[in-house]
Amino acid sequence: MGLRRGELLGLAWADIDFDAGTLTVRQTVQRAEGRLQIVAPKTERSRRTVPVPAQTLALFRAHRRKQAADRLAAGERWQDHGLVFPSRVGTPRDPDHIDRTWHKIRAAADLDWLRLHDLRHACATFLLVSGASPRTVMKVLGHSQIGLTMNTYAHVLPEIERAAVDQAAKHLFG
């Protein structure tokens, strides 16, 4: 899905349309003036609706069931913000907590070189390898300029380069 960290943390259940298989980025979580805030995305392009694979929707459903149990366990401490990925008491989760958790997960998997943001790069690359147009990738990532998408996220893979050259040769030589 290629969401930024703050967009994931700001994702609300109301933003997921299970019937249409989409999610809409309407808000983000960020730290400002020493506290966590839920704010609108910084650009119009960052506010977007993107398709969600059926496998991910199934994971969201399972996560929602687990969250319902967490909510019961929290009791009166639960503060309902409607978030998909809240803290243990329903409040916005600290982005720094996500980073610390990610460091533990990647260390356990022996992937010390992999940054959380690299998953966003991977999303762009996999979309391109799968045949998505650069404009589509730009929309999914919420970029305002296609140059940013292509220069920053779309790493040229040997397979893409080979396929492009072979396709061009097919047109030229039949």
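Refer to the structure above for everything that follows.
Reading guide: rules and limits
Residues numbered from 1 in each chain as written. Predicted model: local features only at pLDDT ≥ 70, side-chain atom pairs only at ≥ 80, totals over all residues. Heavy atoms only, no water. Salt bridge = Lys/Arg side-chain N within 4 Å of Asp/Glu carboxyl O. Helix = DSSP H or I, 4+ residues; strand = E, 2+ residues; numbered from the N terminus. Buried < 20%, exposed > 50% of the residue type's maximum accessible area, 1.4 Å probe, protein only. Pairing = 2+ DSSP bridges. Polar contact = N/O pair within 3.5 Å; in protein donor to acceptor, adjacent residues only side chain to side chain. 1 Å grid on protein atoms, 1.4 Å probe; cavity = no way out; pocket = protein on both sides within 12 Å on 5 of 7 lines; lining within 4 Å. Points joined across faces, edges and corners; volume = space filled by probe spheres on them. Nonpolar A, V, L, I, M, F, W, Y, C, P; charged D, E, K, R; others polar. Core = buried A, V, L, I, M, F, W, Y, C linked by side-chain atoms within 4.5 Å. Contact = heavy atoms within 4.5 Å. Expected span 1.5 Å × (residues − 1).

Now for the pattern of salt bridges. One pass over the structure, following the stated rule, counts 10 salt bridges. A salt bridge links Lys-66 to Asp-70, with the shortest nitrogen-to-oxygen separation between them at 3.0 Å. Of the two residues, Lys-66 and Asp-70 both sit in helix H2 (residues 54-74), 4 residues apart, roughly one turn of that helix. A relative accessible area of 33% places Asp-70 in the partly exposed class.

Turning to the sheet that holds strand S5 (residues 48-51), a few remarks are in order. Two pairing modes exist for strands in a sheet, parallel and antiparallel, and in both the strands are linked by backbone hydrogen bonds. Ordered in space as S1-S2-S5, the 3 strands form an open sheet in which the pairing is antiparallel. In the strand order of this sheet, the two ends are held by strand S1 (16-17) and S5, each with one partner. In this sheet, strand S2 (residues 22-25) lies alongside S1 in antiparallel orientation, the contact comprising 2 bridges. Each bridged residue has a counterpart across the sheet, and for Ile-16 the counterpart in S2 is Leu-23.

Let us look at the side chain of His-143. Position of His-143 relative to the elements: it lies in the loop between helix H5 (134-141) and helix H6 (146-153). Polar side-chain contacts of His-143 include one of 3.2 Å to the side chain of Arg-120. For His-143, the side chain forms a polar contact with the side chain of Thr-149, separated by 2.6 Å.

Quick look at unusual backbone geometry now. Residues other than glycine seldom take positive phi values, yet Glu-33 does so here, at roughly 55°. Secondary-structure assignment places Glu-33 in the loop between strand S3 (28-32) and strand S4 (35-39). On the accessibility criterion, Glu-33 (77% relative accessible area) is exposed. Notably, Asp-110 is not glycine yet its phi reads approximately 60°, a positive angle. Taking the relative accessible area as the measure of exposure, Asp-110 reaches 64% and is therefore exposed.

What follows concerns the pairing of S3. When S3 meets S4, the two strands line up antiparallel, connected through 5 bridges. The residue bridging Gln-30 from the neighbouring strand is Gln-37, located in S4. Linking S3 back to S4 in an antiparallel pair, the connection comprises 2 residues, with Glu-33 at a positive phi of about 55°.

Put simply, the largest pocket is a space of about 850 Å³. Together, 25 residues line the largest pocket, and Leu-8, Phe-85, Ile-98, Leu-116 and Leu-119 are the ones closest to its centre. When residues of the lining of the largest pocket are traced back to their parent elements, those giving at least two are helix H1 (5-10), H2, helix H3 (95-108) and helix H4 (118-129). Across the lining of the largest pocket, the residue classes tally to 14 nonpolar, 6 polar and 5 charged.

To continue, consider the nonpolar core. By size, the foremost hydrophobic cluster in this structure holds 13 residues, and its most contacted members are Ile-16, Leu-23 and Phe-60. Not counting chain neighbours up to four residues away, the residues in contact with Phe-60 comprise Met-1, Leu-11, Trp-13, Ile-16, Phe-18, Leu-23, Val-52, Val-84 and Phe-85. One finds Ala-124, Leu-128, Ala-132 and Leu-141 within the second-largest nonpolar core, a separate group that totals 5 residues.

Our focus in this paragraph is H4. For H4, which comprises 12 residues, the first-to-last C-alpha distance of 16 Å matches the rise-based estimate of 16 Å (1.5 Å per residue) to within 8%. Restricting attention to buried positions, one finds in H4 the residues Asp-118, Arg-120, His-121, Cys-123, Ala-124, Thr-125 and Leu-128. With its phi angle positive at about 100°, Gly-131 sits one or two positions after the end of H4.

Let us look at the environment of Lys-42. Along the chain, Lys-42 turns up in the loop between S4 and S5. By relative accessible area, which is 77% here, Lys-42 ends up exposed.

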